[in-house]
2 protein chains.
Amino acid sequence: MADLVGNLLVAQSGGPTAVINASVAGVILAAGRHMNVVDEIYGGLNGIYGILREELIDLQDEKQAAIEGLKHTPAAALGTCRYKIDYKKNAEQAAKDMDRLFQVFEAHNIRYFFYAGGNDSQDTSNKIHEEAQRRGWDMRVIGVPKTIDNDLPFTDHTPGYGSVIKYNATTVMEIALDVSSMATDAGSCCIIEVMGRAAGWIAAGTVLAKREQLDAPHIILLPEVPFEKDAFIAQVKKEIEEHQFCVVVVGEGLKDQNGDEIGADKTKKDAFGHAVLSGAAETLKELVENEVNLKTRTVKLGYAQRAAAHHASEQDVIEATACGEAAVKAAMEGKSGFMVTLKRTSNSPYEWSTGLHPLGEIANVEHLIPREWISEDGWLPNEKFVEYAHPLIEGELHINEDGGLPSYVHLEKVRVEKKLEALPEQND
Amino acid sequence: MADLVGNLLVAQSGGPTAVINASVAGVILAAGRHMNVVDEIYGGLNGIYGILREELIDLQDEKQAAIEGLKHTPAAALGTCRYKIDYKKNAEQAAKDMDRLFQVFEAHNIRYFFYAGGNDSQDTSNKIHEEAQRRGWDMRVIGVPKTIDNDLPFTDHTPGYGSVIKYNATTVMEIALDVSSMATDAGSCCIIEVMGRAAGWIAAGTVLAKREQLDAPHIILLPEVPFEKDAFIAQVKKEIEEHQFCVVVVGEGLKDQNGDEIGADKTKKDAFGHAVLSGAAETLKELVENEVNLKTRTVKLGYAQRAAAHHASEQDVIEATACGEAAVKAAMEGKSGFMVTLKRTSNSPYEWSTGLHPLGEIANVEHLIPREWISEDGWLPNEKFVEYAHPLIEGELHINEDGGLPSYVHLEKVRVEKKLEALPEQND
């Protein structure tokens, strides 16, 4: 196999995580070991949205300390986007976008392209890989997995998932200490809403806070298990009888038997007659207060949970970095059209390696929690889930602080000179 | 002064914090240096609510490691309550409660009483101190300050405050990285609701995340500054124009010009016709989405923020412990009827000591943010506030982990044998 000499481009896509930058650091660090074939290491700003606009930066102009610091800096340091190349929705625009992308790739002699993202982003990578082959543009495209949702198929889990469940499980444990210490008092039910619209992996992960039978969380409501109001109320009453307080975790996408999200209550209207989207936790709170007559508080972690690098999982950081490195390794071996996967080779002790899976098989397959990992009554994930999730939160990180707050890096973002005409405004 | 020999009782009251257990550890550790006069070190479960029920535990039966571990364990390890001795509301019950408390004190020869709590708890301590004098029961009563709200008077700040603002400022910083990295995309406004009903100290503390002019938070809505809808909308538009995203922090008790909390919108009704209490963040989100047409996300940290010992301030832990120790020292010096205070003797470098203030002057005085610490336009605390708050979040703690989650202690709670008849049930 002849060496492919040219430039490397890495970009990020989709919702950020605590460790997506660690994957970029992995790509950059591994690329640095192949400077015989890699001329320049570029970053694309805001994923393909920015690449279409030729917004490239020179990552070799960044300080070495900043590249190392990326491993512990949350969110997408290169910026991200949700922009898709969608032939079904608008074939003309998609074809135009694809043309433009390859103008950029050719203008900057991009021969290695790495895209870190979730399901949609892997689909984009696949389309770019296929288009390169069609055009005869010799470029190796490897997808790097990323998503707190843990819903990518063909990988044991996704980088980003371990950190979000470590933070959320810690939060549930801390809230449970708080609520239980006030158990003679008001506020003995607390409902914590976490992310996860279709899959309940994130909500399920908080079960790791439950070390003993009476520990919180007491009820975890998963989108995989249709919500049944009466059964839920009965279960809350049972928990309160047993230990005077009840901590409920709910995935934001919890659905009723009709498949409707319970957080989107169409019977409620605001002053203007609009439906009020109060969210799953608020809806459940009203239910508990009305039906159990129990003072109830809510917590909605929202973006906080996916950005909480101050309490990330060391294992997750290591794996996210390794995924970036493995992507470069695969490309250097001449491979293209694959996503890096994580393979578990042993549970106890936890052992893992990276693998590769064809990009074409990733898109539009959604990986849900197996039903046999959830207790028969549906209220909690069972020991099979715990065995799976537990190794992913291990490891104590030390995050440097600056003035009492975590010291996160900001890239200098030195722009690569543009070589093409700007996109017409209407493309925005 | 003759030595007062007898037993010591420590209890906790009000909403828990990340460091209220550190104050209890301080009391226990300091008491251990006075075992010539202190016979037994007791803990009262659930504050005076439990003491009325003679629910005492023997703290000398706890492992030494557990006492040390209390410094880093959130919530109230002894349990807490909001129960008050309220002569105004029910003089008969209050007199009965006071009688019962002194039966317990006498039955267990309590000669030293330490109560860690906020405004109401200091009031309780004062009533107990005065009653002891009236009855001629030689007992020394010292209040230990505690509240995330930072609204106690006569102390520079309160233990618990530094930790809540360190966690909240970190969260704001992390969310800002997340939101700004998606700025070309949906979700470019994020509204973060934090605790603080009357005073805005907690919301104000998130300004520490703002290191540079463009950094978040961009707007902090304080209960001290009446909310004005049009001005707020205009300010959000201005921030979006300047940097494409906007992070707003709002104290849960934000009020409009009529003094009504904006989170309690009486115009909204649920399916049963009840007013919907959607909270300040949700109310603002609807406003921004309707008036600025900007995709907006909310985060409601709730109990998570006051229990987040995994990211507590080391300075706060040190001061909370010192407050417990100072309480014992004052009692050993023959003092009673005081609350321990924190005194700042220098800002840069930050230097501090503990002091004492008469309990009788603490109750019902609420300490708000001085207007001259808030920018003229009211959107952010100014450099005077930053100078005040900054030293309180300093210090990197190392929290031991167990299986990937913080290792918090649980007390054995070995009960002290009861000597009185049980309270009649109707007292509950």
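Residues numbered from 1 in each chain as written. Chains lettered and ligands numbered in written order. Predicted model: local features only at pLDDT ≥ 70, side-chain atom pairs only at ≥ 80, totals over all residues.

**Notes on the overall build of chain A**
Line of reasoning, step 1. The number of helices and strands found in chain A is twelve helices and 15 strands.
Line of reasoning, step 2. Overall size of chain A, expressed as C-alpha extent along the three principal axes, is 70 × 50 × 45 Å.
Line of reasoning, step 3. Buried positions account for 57% of the 428 residues belonging to chain A.
Line of reasoning, step 4. Counting contacts in chain A only where the partners sit at least 6 residues apart, residues at least 24 apart contribute 75% of the total. (Helix = DSSP H or I, 4+ residues; strand = E, 2+ residues; numbered from the N terminus. Buried ≥ 20, exposed ≤ 12 C-beta atoms within 10 Å, placed from the backbone. Contact = placed C-beta atoms within 7 Å.)

**Focus: the nonpolar core**
Line of reasoning, step 1. Counting 262 residues, the largest nonpolar core has Ile175, Val247 and Ala327 of chain A together with Ile175, Val247 and Ala327 of chain B as the members making the most contacts within it.
Line of reasoning, step 2. Dropping the residues within four chain positions of it, Val247 of chain B is found in contact with Val172, Ile175, Ala176, Val179, Cys190, Ile192, Ala216, Pro217 and His218 of chain B. (Core = buried A, V, L, I, M, F, W, Y, C linked by C-beta atoms within 7 Å.)

**As for unusual backbone geometry**
All names here are of chain B.
Line of reasoning, step 1. In this structure, Pro217 follows Ala216 across a cis peptide bond, with omega equal to -5°.
Line of reasoning, step 2. Omega for the bond connecting Ser348 with Pro349 falls within 30 degrees of zero, at 5°, which places this linkage in the cis form.
Line of reasoning, step 3. We note that Ala75 has phi near 70°; this positive angle belongs to a residue other than glycine.
Line of reasoning, step 4. Along the chain, Ala75 falls in the loop between α3 (64-70) and α4 (91-107).
Line of reasoning, step 5. Residue classification places Ala75 among the buried positions, given that 28 C-beta atoms sit within 10 Å.

**Observations regarding the sheet that holds strand β12 (residues 338-347) of chain A**
In any sheet, the strands associate via hydrogen bonds between backbone groups, in a parallel or an antiparallel arrangement.
Residues and elements named next belong to chain A.
Line of reasoning, step 1. The strand order across the open sheet built from seven strands is β3-β2-β1-β4-β5-β12-β13, with neighbouring strands paired in mixed fashion. Two strands close off the open sheet at either side, each with one partner strand: β3 (56-58) and β13 (350-358). For this sheet, the mean inter-axis angle between neighbouring strands, taken without regard to orientation, is 30°.
Line of reasoning, step 2. Pairing geometry for strand β1 (residues 6-12) and strand β4 (residues 110-117), over six bridges, is parallel. (Pairing = 2+ DSSP bridges. Axes fitted to C-alpha atoms, helices over the stretch in contact; angles between N-to-C directions.)

**With respect to the packing of helix α1 (residues 20-31) of chain A against helix α11 (residues 314-332) of chain A**
Helix-helix packing: each pair is described by the crossing angle between the helix axes and the interaxial distance.
Residue and element names in this part refer to chain A.
Line of reasoning, step 1. Where α1 meets α11, the axes come as close as 7 Å, and the angle between the chain directions of the two elements is 40°. Taken together, the axis directions place α1 and α11 in an arrangement best described as oblique. The crossing of α1 and α11 is right-handed. Between α1 and α11, the contacting residues are Ala22, Ser23, Val24, Ala25, Gly26, Val27, Leu29, Ala30 and Ala31 on the first element and Val317, Ala320, Thr321, Ala322, Cys323, Gly324, Glu325, Ala327, Val328 and Lys329 on the second.
Line of reasoning, step 2. Within the contact of α1 with α11, the residues separate by chemical class into 13 nonpolar, four polar and two charged. (Parallel < 35°, antiparallel > 145°, perpendicular 65-115°, else oblique. Left-handed = near helix turned anticlockwise from the far one by under 90°. Nonpolar A, V, L, I, M, F, W, Y, C, P; charged D, E, K, R; others polar.)

**Here's the deal with the domain arrangement of chain A**
Residues and elements named next belong to chain A.
Line of reasoning, step 1. Here chain A is partitioned into domain 1 (6-159 + 309-365 + 398-427) and domain 2 (164-306).
Line of reasoning, step 2. The C-alpha centroid of domain 2 is placed 35 Å from the C-alpha centroid of domain 1.
Line of reasoning, step 3. Listed as interface residues are eleven residues of domain 1 and, on the opposing side, eleven residues of domain 2.
Line of reasoning, step 4. Tallied by class, the residues present in the side of domain 1 that touches domain 2 amount to four nonpolar, five polar and two charged. (Domains from an automatic or database assignment.)

**Brief notes about the sheet that holds strand β3 (residues 56-58) of chain B**
Residues and elements named next belong to chain B.
Line of reasoning, step 1. The mixed open sheet is built from seven strands, whose spatial order is β3-β2-β1-β4-β5-β12-β13. One side of each edge strand has no neighbouring strand; the edge strands of this open sheet are β3 and β13 (350-358). Ignoring which end each strand starts from, the neighbouring axes of this sheet average 30° apart.
Line of reasoning, step 2. With six bridges joining them, strand β4 (residues 110-117) and strand β5 (residues 140-145) adopt parallel strand pairing. Across the sheet, Tyr115 pairs through a bridge with Gly143, a residue of β5.
Line of reasoning, step 3. Across the face of the sheet, helix α11 (residues 314-332) comes into contact with β4, β5, β12 (338-347) and β13 while running at roughly 165° to β5.

**Considering the relation of the copies chain A and chain B**
Line of reasoning, step 1. In screw terms, the move from chain A to chain B is a rotation of 180° and a rise of 0.0 Å along the axis, fitting with an RMSD of 0.0 Å. On this basis, the relationship between the two copies can be described by a two-fold rotation axis. For chain A, the smallest separation between a C-alpha atom and the rotation axis is recorded for Lys300 of chain A, amounting to 2.4 Å.
Line of reasoning, step 2. Counting the interface residues of chain A, we find that 100% of their copies in chain B are interface residues as well, pointing to one common contact surface. (Least-squares fit on C-alpha atoms with pLDDT ≥ 70 in both.)

**Quick word on the pairing of strand β1 (residues 6-12) of chain B**
The side chains of a regular strand alternate, first on one face of the sheet and then on the other.
All names here are of chain B.
Line of reasoning, step 1. With five of seven residues buried, β1 lies mostly within the body of the structure.
Line of reasoning, step 2. Bridge analysis of β1 against strand β2 (residues 38-44) gives five bridges, and the strand direction is parallel. Note that in β2 the partner of Gly6 across the bridge is Val38.
Line of reasoning, step 3. Of the crossover connections in this fold, the one passing from β1 over helix α1 (residues 20-31) to the parallel β2 is right-handed. (Right-handed = clockwise from strand over helix to strand, strands pointing away.)

**What about the environment of Ala65 of chain A?**
Line of reasoning, step 1. As for its placement among the helices and strands, Ala65 of chain A is situated in helix α3 (residues 64-70).
Line of reasoning, step 2. For the pair formed by Ala65 of chain A and Val409 of chain A, sequence separation is 344 residues and the distance between their alpha carbons is 8.6 Å.

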